[in-house]
Amino acid sequence: MPHLENVVLCRESQVSTLQSLFGERHHFSFPSIFIYGHTASGKTYVTQTLLKTLELPHVFVNCVECFTLRLLLEQILNRLNYLSSSEEGCSTEITCDTFNDFVRLFKQVTNAKNLKDQTVYIVLDKAEYLRDMEANILPGFLRLQELTDRNVTVIFLSEIIWEKFRPNTGCFEPFVLYFPDYSIGNLQKILSHDHPPEYSADFYAAYINILLGVFYTVCRDLKELRHLAVLNFPKYCEPVVKGEASERDTRKLWRNIEPHLKKAMQTVYLREISSSQWEKLQQDDQDPGQLEGLSAYTHVELPYYSKFILIAAYLASYNPSRTDKRFFLKHHGKIKKTNFLKKHEKTSNHLLGPKPFPLDRLLAILYSIVDSRVAPTANIFSQITSLVTLQLLTLVGHDDQLDGPKYKCTVSLDFIRAIARTVNFDIIKYLYDFL
Amino acid sequence: MATSSVSKGCFVFKPNFKKRKISVPIEEYFNEGKNESEDSKLRFETYQVIWQQMKSETEKMQEELNKNLFDSLIKFLQKSHSGFQKNSRDWGCQIKLREIPTAALILGVNVTDHEFTFRSLTEAIQNNVTPYVVKLQARDCPDIKHFLQKLFSQLMDCHVDVESKEEEKDIQKKTHCSMDSLSSWYMNVTQTDQGKPRKKRTSSQWQSPPVVLILKDMESFTTKVLQDFIIISSQHLHEFPLILIFGIATSPVIIHRLLPHAVSSLLCIEIFQSLSCKEHLTTVIDKLLLTTQFPFNLSEKVLQILTSIFLYYDFSIQNFIKGLQLSLLEHFYSQPLSVLCCNLPEAKRRINFLSDNQCENIRRLPSFRRYVEKQATEKQVALLTNERFLKEETQSLLESLHVYHTNYFLVLRCLHQFTSSLPKYPLGRQIRELYCTCLEKNIWDSEEYASALQLLRMLAKDELMTILQKCFSVLNSSSEKQLGSTAKRIEELLAQLQSLDAEVKEEEDASGSQSKGLQKTDLYHLQKSLLEMKELRRTGKKQTKFEVLREKVVNFIDSLVREYLLPPETQPLYEAVYFTAAHTLHEHLNAAPRLALHTALNNPYYYLKNEVLKSEEGCIPNVAPDICIAYKLHLECSRLINLVDWSEAFATVVTAAEKTDANSVTSEERNDIIHARFIRAVSELELLGFVKPTKRKTDHVARLTWGGC
C-alpha cells in the first residue's frame, strides 16, 4: 500500500498495528478495538482512510449525533443495509428499538452475499457518549462478534482512557490502542504537507516553523493550528507580494509576521475576534487593537434596585451570616476579627466561592443598604427571578417558593465593584474578607 | 366576582356557561360602578382612537430605532454564507475550519422587550435573507432531542407549501429528527424550490438560502445542549448552512462561560449591540408625551411613577407603554369630562352636545372654580347659570389650553437646550427630568433654576451661539406659528452675537482677565469667578458688549420660561386632559403581595368591611377568622413556635367570644372543635408560606418570615 504512507503521515506504527489486527478480508479479527488519544491526534482520520483505502465494508457513526439508542442502532443497520444492497438501491427503513432487535436484524442484514465472507467494521466515533446511554450498550457492542456470530469488529474512538469506560459489572476487554500526541517535528511535517500551490514547499515550511514557534506552547491541536496557519498566511506573504522581500529573505519575513502572530494568539485564537473579522482586518491592514474583543463588553446595565439586589446577594454570599450584625446594625460594637472567627472561617471567603443564602437574608440586607425605603413589591421579587434567568444569581436546590428559596450570587468581585461604583456604594467596606 | 378568600390575589373562576352567552360589550364596563358617568360610550371610543394612534406611533418609532441594528445584522447574514455558496476550490477554504457564523446580539436586561425585537427581526430576515428562520428558547429545549424536534417542526412551518405539508408531517413522525434527516430534508426542499422558481422571494438568487436559528435567551440554555448542538451542526455545515443568532441579555462573556474552547472555536462570532433602553425611553417620552399630537397628558406624579418603575425596577419599554395605556384607560374611565380629551375641533363640537350634568361637572372642577372667581360678578353669574354662555366660554378655554400646550413644549425644549449642557446638570440631564420639575411647580422658584441661570451667565460665546441656533431650529420645527416672534427675536440675538465677533476680540485683548469668565467652568471655579466679577463690578469696570448681550439672552429665556412654563394646574379645565390619579396607578403597577397579605391577616376589616372586625391596634378581636387569630398570635413568637402553647393561646382567644352562646355543646366537644379549627388555621398558614414543620423539634413549627422578637 504505497499510497497510504503519503496520505497518513507520522502514524506508521499505529497503521501497521491496525493492519495486522485486521488481517486478511475473510479472517476473523479481534472483536473490539478501543482507540484513544488527545484531540486531533488523527484517530478518526487514520481509521477512516485505512478502511477506505483498503476498501473494507464499514459503517462510520458519530455518537454525538445519535442521542438516543434508537437513532444509533437504526443508523448502523440502515447503512449496513445500504452497503449490502447498494446495487439494487432498495431503501426500506429498518426500525429497531432495543439491542436485542439489533442483534437479530444485524444477522439478517449481514447475511447478504457481499458481506458474508468478510469482516464488517463498525466504527463508533466519540464513544464516550455511549456511557450515557443504556447500560447494556457498551458491553453489547464489545462482544458483538460473539452475540451475532458474524465476522464483525467494532472500533471505538474516544479521547478518554479505557479505564473510565469499564462498567463495574465487568465486560469483554477490547484491544486498546493509544495514539500519542504529535511531536513538534510531526506537526511541522504534517502542516507543511499541505502547502498552497502557488508557493514552494520550503517557503511554506519556513512559515510553519515560525508559526509553531509562537503557538506550540499554547496549542497542540492540529486542526486549530492548520486554521491559524491559513488565516495568517496572507500576512506572511505580504512582503513577497509587494516585492519588498524575496521568498528566501526569512529574517525580514520573520520580523514582519512575529508580532502579528502574537496578536493573533491573544485575539483570534481565543475567539475574542472571529476569524472573518481577523481576515478583514488583515485586508484593510488595520491594527487589531481597535476592534474590541468579546471580553471587552463586560458592562451590564441594570435597573437601580436590581443593582442593589445584586450587591446584597453578593454580600450575603461572601459574608458569614454572623457578621451581618456588625455590618448592618448601627450600634454593633467592635468585633475583633481574630477572636470572633471560627477556625474554618479564617480562610478567605473569596477563595471558597459563594455560599447559598435564604431569600429573607437577601431582603434584609437589601433594606439596610438602600437609602430610601423599599417596599417588598411584586416588582422586587420579579427582579430577583429575572436576575436568576440572567444567571447572575442561581437558585440552589429545590425551587419550592414557599419553603424559603436559597440563592447564590455568581458574579465576580470586579463585576460587583463596577456595579457598586455606579450607585456610589463602597462595597469593599462591607466585605468581611477585606476588613 | 366574589371570593371567600381574605387575601387579594388572582383567582380562577370556572366559566359559567349561561353567563358566557350574554357577552358584555367592552364599552359597557365603562358604565359600571359610576352612576354619574356621562357619555361613557363616547369616552370609550375616544380612548380607543387615541390608544390606536399612540400604539401605531410607538411601533413606527421602534422600527426606526431598530433599523440600524437590523441593517447591520442583515448585512452580516447575507455575507456570512456567501463564501460557502461559491463552493470554492481555493486552497485556504479547503483547509480552514468551517466555522458556524454567529451573531451575538446584546439586547440589555429588559427581557420583556426582547420578544418584540425578535419578532420584527424575524420579519426583516424573512423579507431580506431567507425564509428559514427559527426561534428557540431555553425552556423548550431541556435536551438535545427536544431541541432538534423544535427546530425541525418550526423549519417545516417556515416552508409553507400547502400540498406538501401533510406529507412532511408524516416524515417528521417517522424520522425522529436526527441532524441527518434534517439536512436531507433541507436538500430536498431547496432542490425542489430550484425546480419551480418563486416570484415573491427575494432570496431566490441564492442557491441554498441559509437557515437562521435564533436562540432567544442564551443565558438560560444548558451547556450540554448547546455544546452538543454546535458540535453536531458544525459537522453538517456543508449540507446545512446554519447561522446562529444568540440573544444575550447580559454580556458576551457568557459565551465563554457556557462553551469550552473546543466548542467556541467552531463559531465565528460577531457582536451586535442594540440601542440602550434609556435612550429608547427618552424617545418614547419625546414622541408620546412632549407633543401636542395627543391631547392626553400625565401629571407630574404619574409620570414620576412610570419613569421610576422603569428606572428602578425593570428597564422595560413595553411595561412603560402598558403603564401609559393603563393611565389613559383610567383617565377616560374615571373622569367624565374626558370626552373633551380629543383634538381641538372635535372637542369644540362635542361641547355643544354636553348634557346638563356634564355642565355641572365642568362647574365643579377646581380649576374652573378658580377661574370663575377671578371674573367679574356678572360674568360669574352667567357662567354659573347660563349653559350656553358656559359652553362658549369652555370652547375658548379649551382653545387657550391648546395654545398653552403648544407653547409649553416648545419653550420646554428650548430651556432643555440651555440646561442640558451645563456642568453638573442642575436641572437634570434628560428632558423628562426638566419636564417633571416644570409640571410640579413654578420652576423659577426653585434653587436649581437660579443656579442654572447663574451658570448660563458664564457661557462662552460659541456655546451660547450653538444653543441659540438649536433653539431657533426647535422653534422653527413646529408648524404652528404661536412663537413666531420669539424665533425672530432669537434670530436677531444670533445676528448680534455674530456681528460682535470683531469687537469682542479687541475687548479681549484689552482685558485678558475677562476671558477667564467666558470659559465653561465647574462649580468651584464658578464661585471664584463670580466673586471676581463682583469685584470687577465694584471697581466700576464696564461690562463688555458680549456680556451685555449674554445678559440679554439669559433674561430673554428667563422671561420665556416665566411666561410659558406655568404648571398645568394654573390652567382652567386642565383636569380634562391631565391624568392625575397617581395612587390608583401605583396600586395597579407596583403591587405589594406581602403587604396585602399582611394587611388581610392582620387587619381583616380592611378587606371584609365587617363592622364587628373593627379593632384597635394590637388587640385581637375574637370574632375574626381563625387564620387571622392564628396569624396574629404567631407574630409574637420567635423563630420556632411551640404548637401546644400556640394552641392554648388560640383557644383562650376564641373561647373568650363563645362563652355566652355555646352552652348547648359539652366542653369536651367544644374543645375538639377548637382544636380542629386551630389545626386548619395552622395548615392554612403553612400553605401561605408563613410556617413550616421543622425537624429540629418535633412539636414545633418554624416561622418563615422575620420580625417579631
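Residues numbered from 1 in each chain as written. Chains lettered and ligands numbered in written order. Predicted model: local features only at pLDDT ≥ 70, side-chain atom pairs only at ≥ 80, totals over all residues. Heavy atoms only, no water.

Visitor: So what exactly am I meant to see when it comes to the overall build of chain A here?
Guide: For chain A, the count of helices and strands is 21 helices and 8 strands. Whereas a compact globule of 435 residues would reach a radius of gyration of roughly 22 Å, chain A reaches 31 Å, over 25% beyond that. Across its three principal axes, chain A shows a C-alpha extent of roughly 90 × 70 × 45 Å. Sorting the 435 residues of chain A into buried and exposed places 51% on the buried side. Across chain A, contacts joining residues at least 24 apart in sequence account for 72% of those joining residues at least 6 apart. Carbon and sulfur atoms provide 51% of the accessible area of chain A, an area that totals close to 21500 Å². Counting 49 positive and 49 negative side-chain charges, chain A places the centres of these two groups 11 Å from one another. (Helix = DSSP H or I, 4+ residues; strand = E, 2+ residues; numbered from the N terminus. Rg over C-alpha atoms; globule rule 2.2 N^0.38 Å. Buried < 20%, exposed > 50% of the residue type's maximum accessible area, 1.4 Å probe, protein only. Contact = heavy atoms within 4.5 Å. Areas by Shrake-Rupley, 256 points an atom, 1.4 Å probe, with all protein chains shown as cover. Lys, Arg positive; Asp, Glu negative; His and termini not counted. Charge placed at Lys NZ, Arg CZ, Asp CG, Glu CD.)

Visitor: Help me understand the packing of helix H18 (residues 359–369) of chain A against helix H19 (residues 378–389) of chain A, please; the structure alone is not making it clear to me.
Guide: Two packed helices can be described by the angle between their axes and the distance between those axes. Residues and elements named next belong to chain A. Between H18 and H19, whose axes approach to 13 Å, the crossing angle comes to 120°. The element H18 and its partner H19 pack so that their crossing is right-handed. On H19, the residues that touch Leu 359, Leu 362, Leu 363 and Leu 366 of H18 are Ile 380, Phe 381 and Ile 384. Partitioning the contact of H18 with H19 into residue classes produces 7 nonpolar, no polar and no charged. (Axes fitted to C-alpha atoms, helices over the stretch in contact; angles between N-to-C directions. Left-handed = near helix turned anticlockwise from the far one by under 90°. Nonpolar A, V, L, I, M, F, W, Y, C, P; charged D, E, K, R; others polar.)

Visitor: Honestly, the nonpolar core in this entry has me stumped. Any pointers?
Guide: One broad trend across soluble globular proteins is that nonpolar side chains are buried collectively. In terms of nonpolar packing, the biggest core is built from 155 residues, with A:Ile311, A:Ile369 and B:Phe368 touching the most fellow members. Among the elements that make up this core, the one with the highest residue count is helix H19 (residues 387–419) of chain B (13 residues). Setting aside residues no more than four positions away along its own chain, A:Ile311 makes contact with A:Ile369, A:Ile416, A:Ile419, A:Ala420, A:Val423, A:Phe425 and A:Ile427. Residues A:Leu77, A:Leu124, A:Ala127 and A:Ile137 belong to the second largest nonpolar core, which totals 91 residues. (Core = buried A, V, L, I, M, F, W, Y, C linked by side-chain atoms within 4.5 Å.)

Visitor: It is not clear to me how the side chain of A:Gln145 should be interpreted in this structure. Could you clarify?
Guide: Residues and elements named next belong to chain A. Counting through the fold element by element, Gln 145 comes out in helix H8 (residues 144–148). A polar contact is formed between the side chain of Gln 145 and the backbone oxygen of Val 152, at a distance of 2.9 Å. With near-sequence residues (within four places) excluded, Gln 145 lies in contact with Phe 28, Ser 29, Phe 30, Pro 31, Arg 150, Asn 151, Val 152 and Thr 153. (Polar contact = N/O pair within 3.5 Å; in protein donor to acceptor, adjacent residues only side chain to side chain.)

Visitor: Before we go on, may I ask you to explain the interface of chain A and chain B in this structure?
Guide: A common way to report how large an interface is uses the accessible area buried once the components associate. Every contact between the two is made by 64 residues of chain A and, on the other side, 61 residues of chain B. With both sides pooled, the region where chain A packs onto chain B buries about 5400 Å², and carbon together with sulfur makes up 62% of that total. Linking chain A to chain B there are 3 salt bridges. Residue A:Arg79 is joined to B:Asp180 by a salt bridge in which the shortest nitrogen-to-oxygen separation is 3.6 Å. Remark: the boundary between chain A and chain B carries 13 residue pairs in polar contact (both at pLDDT 80 or more). Those elements that place two or more of their residues in the side of chain A that touches chain B are helix H4 (69–84), helix H11 (222–242), helix H13 (275–284), helix H14 (304–318), H18 and H19 of chain A. It is H11(A) that contributes the most residues to the side of chain A that touches chain B, 7 residues altogether. Grouping the constituent residues of the side of chain A that touches chain B by class yields 30 nonpolar, 19 polar and 15 charged. (Buried area = accessible area lost by both parts, 1.4 Å probe. Salt bridge = Lys/Arg side-chain N within 4 Å of Asp/Glu carboxyl O.)

Visitor: What exactly am I supposed to notice about the packing of aromatic side chains here?
Guide: Aromatic ring pairs: the centre-centre distance and the angle between the two ring planes describe each pair. Taken as a whole and judged by the stated rule, the model has 54 aromatic pairs over all chains. Taking the centre distance of 5.3 Å and the plane angle of 75° together, the rings of A:Tyr304 and A:Phe308 count as edge-to-face. Note that A:Tyr304 and A:Phe308 are positioned in helix H14 at a spacing of 4 residues, about one turn of the helix. Aromatic side chains A:Phe327 and A:Phe328 sit 6.2 Å apart centroid to centroid with 55° between the ring planes, which places their arrangement in the tilted category. What makes A:Phe328 buried here is its relative accessible area of 18%. In this structure an aromatic cluster arises from ring pairing among A:Tyr304, A:Tyr305, A:Phe308, A:Phe327, A:Phe328, A:Phe425, A:Tyr430, B:Tyr312 and B:Tyr313. The side chain of A:Arg131 reaches across the aromatic face of A:Phe165, ending 5.3 Å from its centre. In this structure, B:Lys609 packs its charged tip against the face of B:Tyr606, placed 5.5 Å from the ring centre. (Phe/Tyr/Trp six-rings, centres within 6.5 Å; stacked < 30°, edge-to-face > 60°. Lys NZ or Arg CZ within 6 Å of the ring centre and 35° of its normal.)

Visitor: Looking at this structure, I do not really get the domain arrangement of chain A. What am I missing?
Guide: All names here are of chain A. Taken domain by domain, chain A comprises domain 1 (1–178), domain 2 (184–284) and domain 3 (304–329 + 349–434). Computed over C-alpha atoms, the centres of domain 1 and domain 2 are 37 Å apart. Contacts between the two partners involve 5 residues from domain 1, matched on the other side by 7 residues from domain 2. Buried surface at the junction of domain 1 and domain 2, summed over both partners, amounts to about 540 Å²; 68% is from carbon and sulfur atoms. Its largest share of buried area at the contact with domain 2, domain 1 owes to Leu 9, Cys 10 and Ala 40, together 80% of the area lost on that side. Our enumeration of links across domain 1 and domain 2 arrives at 0 salt bridges. Connecting domain 1 to domain 2 are 0 residue pairs in polar contact (both at pLDDT 80 or more). Tallied by class, residues from the side of domain 1 that touches domain 2 come to 3 nonpolar, 2 polar and no charged. (Domains from an automatic or database assignment.)

Visitor: Explain the environment of B:Val339 to me, please; I cannot follow it from the model alone.
Guide: With respect to the secondary-structure elements, B:Val339 resides in the loop between helix H14 (317–334) and helix H15 (344–352). B:Val339 sits 107 residues away from B:Ser446 along the chain, and the two C-alpha atoms are 35 Å apart.

Visitor: What exactly am I supposed to notice about the sheet that holds strand E1 (residues 100–106) of chain B here?
Guide: Where strands meet in a sheet, backbone hydrogen bonds hold them as pairs that are either parallel or antiparallel. All names here are of chain B. Strand order in the open sheet made by the 5 strands is E2-E3-E4-E1-E5, with parallel pairing throughout. Across the chains shown, the open sheet's two edge strands, defined by having one partner strand only, are strand E2 (133–136) and strand E5 (267–273). When the angles between neighbouring strand axes are averaged without regard to direction, this sheet yields 20°. Of the pairings in the sheet, the one linking E1 to strand E4 (residues 242–248) comprises 5 bridges and is parallel in character. Counted as the bridge partner of Ala 103 is Ile 245 from E4. (Pairing = 2+ DSSP bridges.)

Visitor: When you look at the sheet that holds strand E8 (residues 406–409) of chain A in this model, what are you seeing that I'm missing?
Guide: Residues and elements named next belong to chain A. As summarised here, the arrangement of the 3 strands in space is E6-E8-E7, forming an open sheet in which the pairing is antiparallel. Lying at the two open borders of the sheet, with one neighbouring strand each, are strand E6 (357–358) and strand E7 (393–396). Where E7 lies against E8, 4 bridges are found, and the strand directions are antiparallel. Among the inter-strand pairings, Thr 394 is bridged to a residue of E8, identified as Lys 408. Relative to the sheet, H14 contacts E6, E7 and E8, its axis offset from that of E8 by approximately 95°. On the sheet, H19 packs against E7 and E8 and is oriented at approximately 95° with respect to E7.

Visitor: What is the right way to look at the pattern of salt bridges in this model?
Guide: Side chains that carry opposite charge are capable of pairing whenever their charged atoms lie near each other. Per the counting criterion, the structure on display carries 28 salt bridges over all chains. Among the salt bridges present, the one from B:Asp71 reaches B:Lys67, with a minimum N-O distance of 3.4 Å. Within this pair, B:Asp71 and its partner B:Lys67 are both found in helix H2 (residues 40–80), separated by 4 residues, close to a single helical turn. Connected via shared salt-bridge partners are A:Arg70, A:Glu74 and A:Asp97.

Visitor: Hey, could you run me through H2(B) in this one?
Guide: Given 3.6 residues to a turn, an α-helix orients residues that are three or four positions apart in the same direction. For H2(B), with 41 residues, the first-to-last C-alpha span of 57 Å sits near the 60 Å given by 1.5 Å per residue. Of all the bends found along H2(B), the most pronounced is centred on B:Lys67 and spans about 45°. (Expected span 1.5 Å × (residues − 1). Bend = angle between axes of the 7 residues up to and from the residue.)

Visitor: Teacher, can you tell me more about unusual backbone geometry here?
Guide: Phi is mostly negative for residues that are not glycine, and the peptide bonds are mostly trans. All names here are of chain A. One non-glycine residue, Lys 126, lies in the positive phi region at around 50°. Its place among the elements puts Lys 126 in the loop between strand E3 (120–125) and helix H7 (137–142). According to the relative accessible area criterion, Lys 126 is partly exposed, its value standing at 21%.

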